[in-house]
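Breakdown of the fold
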Amino acid sequence: MIPQVLTIAGTDPVGGAGLQADIKTISALGGYAISVVTAVVAQNTQGVRGITQLKPNDIAKQLEAVVEDCNLAALKIGMLGDAPTINTVYDWVCQIQEKSSVPVVLDPVMVATSGDLLLEDNAVEALRKLCTLATIVTPNVPELAVLSECPPAHSFDEALTQAKKVATVFNTMVAVKGGHLHGEQVYDALVSAQGIIVETSHPRLQTANTHGTGCTFSSALATRLAHDTTDVVHAFKTSREWLQHAIDESDQLNVGQGNGPLHHFHDQRNSITRDVDRVCDIGEPPRDLLSPWWDAISLIRQDTDDLDFVQSLGKGTLRSEEFAWYLVQDSLYLREYSRALGVAASLAPTIEEQCFWAHSSHEALNAERALHDQWLHSFGITACDEHVAAKTTLQYTQHLSATAQRMKYSELVAALLPCYWMYQDVGTKLHAQYNHLDHPYHAWLKTYADPAFARATASAIAITGKELHTLKQAGDSASVARMFAAFETSALYERDFFAAPTIALRDIATVS
């Protein structure tokens, strides 16, 4: 069942923080969001204009209505605003915890990203008392200083010391967030009274889009715990990784003139690929394990880069009829490719890998449909019948089909990999070198830089690397050889697929 996660917080009309950010986050991470409003906040990305605090009795009625009817798997508590509201929530949580051990994530909201105060001065002691009911408290550096009754930390070590004090005093865990500190790396940690439970590090992203970061992280953490209350380390690490992507891809939104919001729905594939990476962790980078394969097809890759089709596409001199021919074949290829991905899903040894291949199969069909809706219609092409499939298209898809029919998972994932790896390699180079707004194929080249496809490629590499590692550990050299043969054959067809449009139109011209 989808876990039901309750957020108790104030509103944000621009949707980047507070209740709205919580609902987006919970939904994006596979939970069902339930919400109780504590305050109506008039704010935007530039600041807070006013706060209308709801009466404690009205908040209590909302809480009672929720608990009477819903089976809560986790609670996230955000902006409360004043002492009466905090005391109301405290009493209600006490009643809940008498009946169940539902995890509680408390974001002790005191100051907005814009610097505006969101908590009355006389409410700090009440908030400190509420910390004793929390499973995890998620203060930023200034809030951590208030809770620990210390000056604001200037280093991560200072923040860790303060967090350990808070964890000890309130018998809770504390998420230390290093976003307010300086440095090219942002360090975060989950701390208990005994010390660090887990620590993470991410590159500091150069962006103004940080509105609602604390709300989003605490909601992500609550939702992860709702899915699995036993693994706080996994919940913390995956929540922080998801947050990093939400910040990184926030430029797609362009909301407001101040501190913009995060992209809460940056990619539903993220959770799938992260789970794949976790179950495929073999203790060494999969790209390193597969580097001999990548090196072995270096001439094939170079030939691909040098093809007339690839070069002219990059330079913007590709003839429209050649591009249209390629799109038709790509559409036909994706239909059959999705079938092979579906077989990989049926053979996958873990649920995480099964989800990845099934999702990839669905995405291939979506891509095929998008080709029709966005591209082929512009060339006056309304249908792509299988009888127009070119020789190279047939050979490539027949190779994938024959490999799938052998029902050997390791060989099939190796055969599927070049369509990820080589395609991304070619596309990344073209996008970096040639893409600009005036380029005639700008919209197409832009798809090559899709972060979702980059992550999917990394997961396909991880899965193939895990299979190769397993066979090598077992000393099964014959299966290893068959894996590479499947990979190399697909690499050759991948090259030939890019070469085919130029050859086909040249042959047509010759016959004419």
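Described in the following lines is the structure provided in the data block. What you are looking at is a predicted structure, and each value in this text was computed from that prediction instead of being measured. (Residues numbered from 1 in each chain as written. Predicted model: local features only at pLDDT ≥ 70, side-chain atom pairs only at ≥ 80, totals over all residues. Heavy atoms only, no water.)

1. Side note on the overall build of the chain
Within the chain, the regular secondary structure consists of 19 helices and ten strands. Its C-alpha atoms give the chain principal-axis dimensions of roughly 85 × 55 × 45 Å. In the chain, which comprises 512 residues, the share counted as buried stands at 54%. At a minimum sequence separation of 6, the contacts of the chain that also span at least 24 residues come to 73%. In the structure as shown, the chain presents an accessible area of about 22400 Å², 52% of it carried by carbon and sulfur atoms. Here the chain holds 36 positive side-chain charges and 59 negative ones, and the gap between their average locations is 2 Å. (Helix = DSSP H or I, 4+ residues; strand = E, 2+ residues; numbered from the N terminus. Buried < 20%, exposed > 50% of the residue type's maximum accessible area, 1.4 Å probe, protein only. Contact = heavy atoms within 4.5 Å. Areas by Shrake-Rupley, 256 points an atom, 1.4 Å probe, with all protein chains shown as cover. Lys, Arg positive; Asp, Glu negative; His and termini not counted. Charge placed at Lys NZ, Arg CZ, Asp CG, Glu CD.)

2. Here's the deal with the sheet that holds strand β9 (residues 185–192)
The strand order β2-β1-β5-β6-β7-β8-β9-β10 describes an open sheet built from eight strands, whose pairing is mixed. Only two strands of the sheet have a single neighbouring strand rather than two, namely β2 (32–37) and β10 (195–203). Alignment of β9 against β10, held across eight bridges, turns out to be antiparallel. The partner of V186 across the bridge, within β10, is H202. Against the sheet, helix α7 (residues 213–227) touches β1 (4–9), β5 (72–77), β6 (104–106), β7 (136–137) and β8 (173–177), its axis set at about 160 degrees to β5. Contacting β8, β9 and β10, helix α8 (residues 232–248) runs over the sheet at an angle of about 20 degrees to β10. (Pairing = 2+ DSSP bridges. Axes fitted to C-alpha atoms, helices over the stretch in contact; angles between N-to-C directions.)

3. Regarding the packing of helix α16 (residues 409–434) against helix α18 (residues 451–473)
Interhelical geometry of α16 versus α18 gives an angle of 145 degrees and a closest axis separation of 9 Å. Seen along the crossing, α16 lies across α18 with a hand that is left-handed. Across the interface between the two elements, Y409, S410, V413, A414, L417, C419, Y420, W421, Y423 and Q424 of α16 pack against F453, A454, A456, T457, A460, I461, I463, T464, E467 and L471 of α18. Considered class by class, the residues forming the contact of α16 with α18 number 15 nonpolar, four polar and one charged. (Left-handed = near helix turned anticlockwise from the far one by under 90°. Nonpolar A, V, L, I, M, F, W, Y, C, P; charged D, E, K, R; others polar.)

4. Some words on the pairing of strand β3 (residues 39–44)
If a strand is regular, its side chains alternate between the two faces of the sheet. With six bridges joining them, β3 and strand β4 (residues 47–53) adopt antiparallel strand pairing. Note on β4: the bridge partner recorded for A42 is G50. Counted along the chain from β3 to the antiparallel partner β4, the turn is two residues long.

5. Re the state of the cysteines
Summed over all chains, the structure comprises zero disulfides. Here C215 is not disulfide-linked; the sulfur of C131 is the nearest cysteine sulfur, at 16 Å. Look at C215 and you get buried, because its relative accessible area is 14%. (Disulfide = S-S within 2.5 Å.)

6. Focus: the side chain of Q424
Note that Q424 resides in helix α16. Residue classification places Q424 among the buried residues on the basis of a relative accessible area of 15%.

7. Focus: the environment of N71
Along the polypeptide, N71 turns up in the loop between α2 (56–69) and β5. Sequence spacing of N71 and V41 is 30 residues, and the spatial spacing of their C-alpha atoms is 28 Å.

Function cannot be read off these values alone, since they describe shape.
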